[in-house]
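Residue-level structure breakdown
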Amino acid sequence: MSTATRTDPRSAALHVADSHDLIRVQGARVNNLKDLHVEIPKRRLTVFTGISGSGKSSLVFDTIAAESQRMINETYSAFVQGFMPTLARPEVDFLDGLTTAIIVDQERMGANPRSTVGTATDANAMLRILFSRLGKPHIGPPTAFSFNVPTRIASGVMTADKGQGEKTIVRKAVYQGGMCPRCEGMGSINDFDLTALYDDTKSLSEGGLTIPGYSMDGWYGRIFSGTGYFDMDKPIGKYTKKELNDLLYREPTKIKVEGINLTYEGVIPKIQKSMLSKDVDAMQPHVRAFVERAITFTTCPDCDGSRLSKEARSAKIKGKNIADVCSMQLTDLADWVRNFDEPSVSPLLGGLQHLLDAFAEIGLGYLSLDRTSGTLSGGEAQRTKMIRHLGSSLTDVTYVFDEPTIGMHPHDIERMNNLLLQLRDKGNTVLVVEHKPETIAIADHVVDLGPGAGTAGGTVCFEGTVEGLGRSDTITGRHIDDRASLKDSVRSSSGALEVRGASTHNLQDVDVDIPLAVLCVITGVAGSGKSSLIHGSVASRDGVVVIDQGAIRGSRRSNPATYTGLLDPIRKAFAKANGVKPALFSSNSEGACPSCNGAGVIYTELGIMNTVESICEECEGKRFQASVLEYTLGGRNIAEVLAMPVTEAEEFFDEGEARTPAAHKILDRLADVGLGYVSLGQPPRWPRRATSTSSTSRPAASTSPTWSSCSACSTDSSTPANRSSSSSTTRRS
């Protein structure tokens, strides 16, 4: 009998397969990258540094991660690809050595108020199974403990063929769900202040409805007048009881207006579906202001905010129901599960224990499973997404992180660093865009981009070790070891903002005096109560302005000029210089291109396939009518001005015919906060932001439609940032 001999692969000579140890990027020209060449070691931790706008995200997200996702999608059948996003090929000459890329970014975890930490991480799913098996009394399957599933009752007549004849059976079936019937699983109920919905002294045609978006100049006016339920010219205060009920509460009713079949619905159920289905913090500012003014939210008295029905709360394990368990701090819940001994569900308990311990390990043990996911900060959301990857059996994956330590306490930065190293040590490639010296210090390899931002960036200033970066003469190298020093003297306060008995969330009757007219910093580890103190006791006071980490929310027509109010003085300056109306210089008003309605692109709906964007042929992406572009200010038309970066526009509006102090003041502020490289008419989201999917963790890159720069709209079409992605020099790696 022969004995097989096994050779230790580690003792053999280097295999040819092991030679593919680099990700090679050659000729990258995405956004502001200038024909960039770089080699990144695989199965190592590489940190990308440089000032904001230097091209880090363009290289990591829009080039490496985007091409990885595009090539993965191409491996699927044509049928499957028809249901997937069509991804544009990054503008790069050659890419080699790519592996599957997974982005773990700081995008919020969604604005759905039904989404919680427990539902987003599958912890609730495991708890529902646990209670359906062991809860006493037994009330039903796992769905009986879900606050997103209502209880359904079905009854009817069934005919059974028994062979000896038919037998009719009348049956009533109950499909148990866990949703609280009063609040419909939301945990809160709302009450409308009718005086905030309408002005009873005005008629509908006079703008009596004070709800955002309810203008009588468009389809809403046609729908209301087409119902025949009320007089459009009659003041709302003089409506009969039936007319007011039809206006406010009428259930969806089919109507025909101008030969078109439509559905009319009372304004209150309409608001509940269109506005209250979203998390309040995710609404646009003017909508949020209306909701906060017109609607009062109170904890549901039936479920006490737990979202669950009485039946779901009746089943208990060791004296606790599922609502009690979900409201526990995760570290306490981990101890509760650890002391649980039940062989029949031991695999389930093991998985749940690992998940809860991961929360503590990642520094989020202070959360609870019933915390709404939309209330998590960007850093908390990113760490929550990391949890599912810590126990993954996948290796040789490229993980891409977007400033994972932003806003973190030094104590938490150390934990994040350990997690990044764990992912690397499993044999993965970890790419991190980062600014913090503490995280740069643990890198195996550093790529520093710059030297400036926007058109002044996009080149590799340094590539090598952390020690080499510190010795380099780059901006990052000169600042990597800098530490702030204390001032010899500090400014005196002019008073104090008193907070007494603060008890929001985990605050325990806190009293504090916040000094005024000085820079005051609230510190503490994540979860210590900083945000609870500010948002719960300070933000709502008169004279307090809150600037948070929430993303800018607006339509796809928004840009920095409209958001900051810069476009108003620019339009007025153009109008004054040319003797015409300011409305001509707005792509949302009279000056808009009639073909694309000022969007610059044409959107083509293709049914079940992805919507396709194409540059408007009439305006060539400039958004304005040709006649409007004939008007100039300082030798530039409105499209050319909106294509300017902030730094160039700052000079343009400070001298000569174009001198506009109101515009220059806003541009100064944009430059002061480091946004000098942003163009005035740039869409509010970069291609990576605009097209990323919203799943908790996902393969990299984006879903169509994809925004790309149009050379026709650009001030200088020869710059790398404006080259077309269909360049003949781009080829598939």
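Just so you know, these numbers come straight off a predicted model, no measurement behind them. (Residues numbered from 1 in each chain as written. Predicted model: local features only at pLDDT ≥ 70, side-chain atom pairs only at ≥ 80, totals over all residues. Heavy atoms only, no water.)

Some thoughts on the nonpolar core
Generally speaking, nonpolar side chains in soluble globular proteins are found buried as a group. Counting 67 residues, the largest nonpolar core has Leu127, Leu130, Leu333, Trp336, Leu369, Met386 and Phe401 as its most contacted members. Ranked by residues supplied to this core, first place goes to helix 12 (residues 346-361) with seven residues. Sequence-distant contacts of methionine 386, defined by excluding residues within four places in its chain, comprise Val104, Ile362, Phe401, Met416, Leu419 and Leu423. Judged by nonpolar contacts, the second largest core, of 31 residues, contains Ile223, Phe224, Val257 and Val287. (Core = buried A, V, L, I, M, F, W, Y, C linked by side-chain atoms within 4.5 Å. Buried < 20%, exposed > 50% of the residue type's maximum accessible area, 1.4 Å probe, protein only. Helix = DSSP H or I, 4+ residues; strand = E, 2+ residues; numbered from the N terminus. Contact = heavy atoms within 4.5 Å.)

Examining helix 14 (residues 410-425)
Compared with the 22 Å implied by 1.5 Å per residue over 16 residues, the 23 Å span of helix 14 between its first and last C-alpha is a close match. Regarding helix 14, the residues found buried are Asp412, Ile413, Met416, Asn417, Leu419, Leu420, Leu423 and Arg424. The arc that holds the buried residues of helix 14, viewed along the axis, is 160 degrees, so those residues lie on one side. Facing away from the buried surface of helix 14 by more than 90 degrees, the exposed residues are Glu414 and Asp425. On its buried side, helix 14 packs onto strand 3 (45-49), helix 12, helix 13 (378-390), strand 12 (398-402), strand 13 (429-433) and helix 15 (437-440). (Expected span 1.5 Å × (residues − 1). Arc of directions from axis to C-beta.)

Details of the side chain of asparagine 428
Residue placement: asparagine 428 occurs in the loop between helix 14 and strand 13. In this structure the side chain of asparagine 428 is engaged in a polar contact, spanning 3.1 Å, whose partner is the backbone nitrogen of aspartate 396. Within the structure, asparagine 428 has its side chain in polar contact with the backbone nitrogen of valine 397 (distance 3.0 Å). Not counting residues within four places of it along the chain, the set of residues in contact with asparagine 428 comprises Arg43, Arg44, Leu394, Thr395, Asp396, Val397, Tyr399 and Leu423. (Polar contact = N/O pair within 3.5 Å; in protein donor to acceptor, adjacent residues only side chain to side chain.)

Overview of the confidence of the model for the protein chain
For the protein chain, mean pLDDT is 83; residues scoring 70 or higher make up 87% of the total. Mean pLDDT across the elements of the protein chain bottoms out in helix 24 (residues 687-691) (33) and peaks in strand 3 (97). A low-confidence stretch, residues 686-733 stays under pLDDT 50, and its non-local contacts, those more than four residues away or across chains, total 117 contacts. (pLDDT = per-residue confidence, 0-100.)

Looking at the sheet that holds strand 1 (residues 22-28)
Strand order across the open sheet formed by three strands is 2-1-4, with antiparallel pairing between neighbours. The sheet terminates laterally at strand 2 (36-41) and strand 4 (94-96), the two strands that pair on one side only. Sheet twist, expressed as the average angle between the axes of neighbouring strands with direction ignored, equals 5 degrees. By the bridge criterion, five bridges tie strand 1 to strand 2 in an arrangement that is antiparallel. Considered in strand 2, the bridge of arginine 24 is made with glutamate 39. (Pairing = 2+ DSSP bridges. Axes fitted to C-alpha atoms, helices over the stretch in contact; angles between N-to-C directions.)

Quick notes on the layout of surface pockets
Reported here for the second largest pocket is a volume of approximately 260 Å³. In this structure, the second largest pocket is lined by Leu486, Lys487, Ser489, Val490, Arg491, Val518, Leu519 and Val521. Tallied by class, residues from the lining of the second largest pocket come to five nonpolar, one polar and two charged. (1 Å grid on protein atoms, 1.4 Å probe; cavity = no way out; pocket = protein on both sides within 12 Å on 5 of 7 lines; lining within 4 Å. Points joined across faces, edges and corners; volume = space filled by probe spheres on them. Nonpolar A, V, L, I, M, F, W, Y, C, P; charged D, E, K, R; others polar.)

A few points about the pairing of strand 1
Most of strand 1 sits out of view: five of its seven residues are buried. As paired elements, strand 1 and strand 4 share three bridges and run antiparallel to each other. Looking at strand 4, one finds that arginine 24 is bridged to aspartate 96.

Here's the deal with unusual backbone geometry
Each neighbour pair has its own omega, and for lysine 136 with proline 137 the value is 0 degrees, a cis peptide bond. Structurally, proline 137 is set in the loop between helix 4 (123-134) and strand 6 (152-161). Its identity as a non-glycine residue notwithstanding, asparagine 31 has a phi of 50 degrees, on the positive side. With respect to the helices and strands, asparagine 31 occurs in the loop between strand 1 and strand 2.

Side note on the pattern of salt bridges
Side chains that differ in charge, positive against negative, can pair when their charged atoms come close. Overall, the coordinates contain 23 salt bridges when judged by the stated rule. The residue aspartate 473 makes a salt bridge to arginine 478 at a minimum N-O spacing of 3.3 Å. Aspartate 473 sits in the exposed class, given a relative accessible area of 63%. The closest approach of N and O atoms between arginine 571 and aspartate 568, which form a salt bridge, is 3.3 Å. Placement of both arginine 571 and aspartate 568 in helix 20 (residues 567-578) is noted, with a separation of three residues, approximately one turn of the helix. (Salt bridge = Lys/Arg side-chain N within 4 Å of Asp/Glu carboxyl O.)

A short note on a nonpolar patch on the surface
A grouping of Tyr76, Phe79, Val80 and Phe83 is seen on the molecular surface, where their side chains present a nonpolar patch of about 430 Å² in accessible area. With respect to the element layout, valine 80 can be found in helix 2 (residues 78-81). (Patch = residues over 30% accessible without salt bridge, like charges linked within 9 Å, V, L, I, M, F, W, Y side chains within 5 Å. Areas by Shrake-Rupley, 256 points an atom, 1.4 Å probe, with all protein chains shown as cover.)

Remarks on the packing of aromatic side chains
Note on aromatic pairs: each is described by the distance of the centres and the angle between the planes. If you walk through the whole model with that rule in mind, you get 11 aromatic pairs. Between the aromatic rings of tyrosine 229 and phenylalanine 230, the centroid separation amounts to 6.3 Å while the plane-to-plane angle is 75 degrees, which identifies the pairing as edge-to-face. Phenylalanine 230 gets classed as buried once you look at its relative accessible area, which sits at 7%. A ring pair is formed by phenylalanine 652 and phenylalanine 653, whose centres lie 5.0 Å apart and whose planes are at 85 degrees; its orientation type is edge-to-face. The buried category is assigned to phenylalanine 652, whose relative accessible area is 13%. Take phenylalanine 653: its relative accessible area is 0%, and that puts it in the buried class. What links up through ring pairs into an aromatic cluster is the set Phe224, Tyr229, Phe230, Tyr239 and Tyr264. Across the ring face of tyrosine 229, the terminal group of arginine 250 is positioned such that the distance to the ring centre comes to 4.1 Å. We note arginine 307 situated over the ring of phenylalanine 147; from NZ or CZ to the ring centre the distance is 5.1 Å. (Phe/Tyr/Trp six-rings, centres within 6.5 Å; stacked < 30°, edge-to-face > 60°. Lys NZ or Arg CZ within 6 Å of the ring centre and 35° of its normal.)

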